[in-house]
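# Fold and geometry: a report
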Amino acid sequence: MSLHRRQMIQLGTLGLSSLFAGKVFSAGTKRLATGHKPIVISTWDAGINANKGAWNVLRNGGRALDAVEQGVMVTENEQSCCVGLGANPDRDGFVTLDASIMDENGNCGSVAFLERIKHPISVARRVMEKTPHVMLAGVGAQQFAVEQGFTLEDGKLSDDAKKAYEEWLKKSEYKPSANIENSKSTSFAPLRLPNGGFNHDTIGMVALDAHGNVSGSCTTSGMAFKVRGRVGDSPIIGAGLFVDNEVGAATATGLGEEVIKVCGTHLVVEYMAQGMHPEEACKKAVEKIIRRHKGGDMKDVQVGFIAINKQGEYGGYGIVKGFNYAVCYADDHNELIYAKYALP
Ligand code: ASP
């Protein structure tokens, strides 16, 4: 389903409820966002529903860590194209999932290249809480999940994913980054959707709870039709997700290879530590990615960062137009914001 269609459906359902009256803003028309506590923000339009799951925890004085886990589980449950087992497969036809989570004490856990498990975010949390490790991958991650009581699902593609995969197989188009001139990058451009949007596949969420603690989560099926075994930025701490309870938290979406190469979310949090507002910090990290390509054409590459700080100020920024994120800080305030972007 296209981003546009998903967005219409999700925003449409908001009209049925007086709670979470969704609003759509363009960040370009607003000043830098002021602070709120508690607060949760998450990537893309799917974040509107995910925020509802997180807000149920935060509004009752719950822990940010529980909020960010339960929030993104909503998206993992939705049989969308983008996250969880309903998502598009790799180029061999298998759905492989990456996820990470980080708490207010700097503890973190992640899973990569995980198959047939419905809630990779919860497996990531178990890695954090039940093992001395940070990351488990592949069959080992799956074995651990099953030992922890997670159900091994049948591995069949969802109807939508099957259709999309069959369509993709007709051309099996796999694009190296030929459109990024002057770059030695081995990454590949995300597929453009017919509506001009991008084929992005991640929900990242960061939250500040009523006690003043920050946590974050990130979960994805990765790039659609990727090389089997490819792992993106989402399960890599400091790339797809980073939390520093003295400063704030950031998460990323978009072309993971670009995010990894600059340790994107760690960079955003460090910029905030230097005193930047979250939006400025996200902008600086985006600019760093662009600078690395020395003037190469990046119009078909999207990376988006979102961040919050300890004051509950928030912001986001993208390379190109179209990146949006959802912000929730009250029963009646769950808004979709179109982020500012670097390239026209
Ligand atoms: N960042 C994800 C990855 O590279 C994909 C996305 O956000 O669309 O795996």
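About the thresholds
Throughout this description, residue numbers start from 1 for each chain and increase along the sequence as written. With pLDDT at 70 or above as the cut-off, local features in this predicted model cover only qualifying residues; side-chain atom pairs require 80 or more to be listed or tallied, and sums for whole chains, interfaces and linings still use all residues. Side-chain measures here rest on the full set of heavy atoms in the structure, leaving out hydrogens and waters. Any residue with a heavy atom lying within 4 Å of a molecule or strand is counted as near it. The definition of a polar contact used here is a pair of N or O atoms within 3.5 Å, where within protein one atom must be able to donate a hydrogen and the other to accept one, and adjacent residues in sequence count solely through side-chain atom pairs. Surface accessibility in these figures is a Shrake-Rupley result with a 1.4 Å probe; residues are shielded only by whichever protein chains are displayed. All residues other than Ala, Val, Leu, Ile, Met, Phe, Trp, Tyr, Cys, Pro, Asp, Glu, Lys and Arg, Gly among them, are scored as polar; the first ten of these are nonpolar and the last four charged. Relative accessibility decides the category of a residue: with a 1.4 Å probe and only protein chains considered, values under 20% of the type maximum give buried, values over 50% give exposed, and everything between is partly exposed. Strands here are runs of E lasting at least two residues and helices are runs of H or I lasting at least four, both read from the DSSP assignment and numbered beginning at the N terminus. Note on pairing: DSSP must find at least two bridges between two strands before they are called paired. Crossover handedness is defined here as right-handed if the route from the first strand over the helix to the second strand goes clockwise, with the strands pointing away from the viewer. What counts as an axis is a line fitted to C-alpha atoms, over the stretch in contact for a helix, and the angles between N-to-C directions run from 0 to 180 degrees. Small angles under 35 degrees read as roughly parallel and large ones over 145 as roughly antiparallel, with 65 to 115 read as roughly perpendicular and the rest as oblique. Two helices crossing with the near one rotated counterclockwise from the far one by less than a right angle form a left-handed crossing, whereas a clockwise rotation gives a right-handed crossing. Here, residues are in contact when the closest pair of their heavy atoms is within 4.5 Å. Centre distance within 6.5 Å is the pairing criterion for rings of Phe, Tyr and Trp, where only the six-membered ring of Trp is used; planes under 30 degrees apart are then read as stacked, over 60 as edge-to-face, and the remainder as tilted.

### Things to note about the site of the ligand
- Among the twelve residues in the neighbourhood of the ligand, the closest are listed as Asp-201, Thr-202, Asp-233, Thr-253 and Gly-254.
- Side-chain polar atom of Thr-202 to an oxygen atom of the ligand: 2.6 Å apart, as the coordinates give it.
- Separating a nitrogen atom of the ligand from a backbone N or O atom of Gly-254 is a distance of 2.7 Å.
- Expressed as a share of its isolated accessible area of 270 Å², the protein-covered part of the ligand is 100%.
- Tallied by class, the residues present in the shell around the ligand amount to one nonpolar, eight polar and three charged.

### Regarding the pairing of strand β4 (residues 108-114)
- For β4, the buried fraction is high: seven of the seven residues fall into the buried class.
- In the sheet, strand β3 (residues 97-102) pairs with β4 via five bridges, with the strands oriented antiparallel. In the sheet register, Ile-101 faces β4, and the bridge partner there is Gly-109.
- Connecting the antiparallel pair β3 and β4 is a turn made up of five residues, with Gly-106 showing a positive phi of about 80°.
- Note that β4 and strand β5 (residues 135-137) share three bridges and pair parallel. Across the sheet, residue Ser-110 finds its bridge partner in β5, namely Met-135.
- For the crossover from β4 across helix α4 (residues 120-130) to β5, the handedness is left-handed.

### What to know about the packing of helix α2 (residues 47-58) against helix α3 (residues 64-77)
- For the pair α2 and α3, interaxial distance at closest approach is 7 Å and the crossing angle is 150°. Taken as axis vectors, α2 and α3 run roughly antiparallel relative to one another. As for how α2 packs across α3, the hand of that crossing is right-handed. Two secondary-structure elements touch here, α2 through Asn-49, Ala-50, Gly-53, Ala-54, Val-57 and Leu-58 and α3 through Ala-64, Asp-66, Ala-67, Gln-70, Gly-71, Val-74 and Thr-75.
- Taken together, the residues that form the contact of α2 with α3 break down as seven nonpolar, five polar and one charged.

### Comments concerning the packing of aromatic side chains
- Evaluated as defined, the whole model comprises five aromatic pairs.
- When the ring of Tyr-165 is compared with that of Trp-168, the centres are 6.2 Å apart and the planes differ by 15°; the resulting orientation is stacked. Within this pair, Tyr-165 and its partner Trp-168 are both found in helix α6 (residues 159-171), separated by three residues, close to a single helical turn. Each of the two residues, Tyr-165 as well as Trp-168, counts as buried.
- With a centroid separation of 4.9 Å and an interplanar angle of 15°, the aromatic rings of Trp-168 and Phe-225 are classed as stacked. Placement of Trp-168 in helix α6 and of Phe-225 in the loop between β7 (214-220) and β8 (241-244) is noted, with a sequence separation of 57 residues between them.
- By relative accessible area, Trp-168 is classed as buried at 10%.
- The class for Phe-225 is buried, based on a relative accessible area of 5%.
- One aromatic cluster in this structure is built from Trp-44, Phe-323 and Tyr-325.

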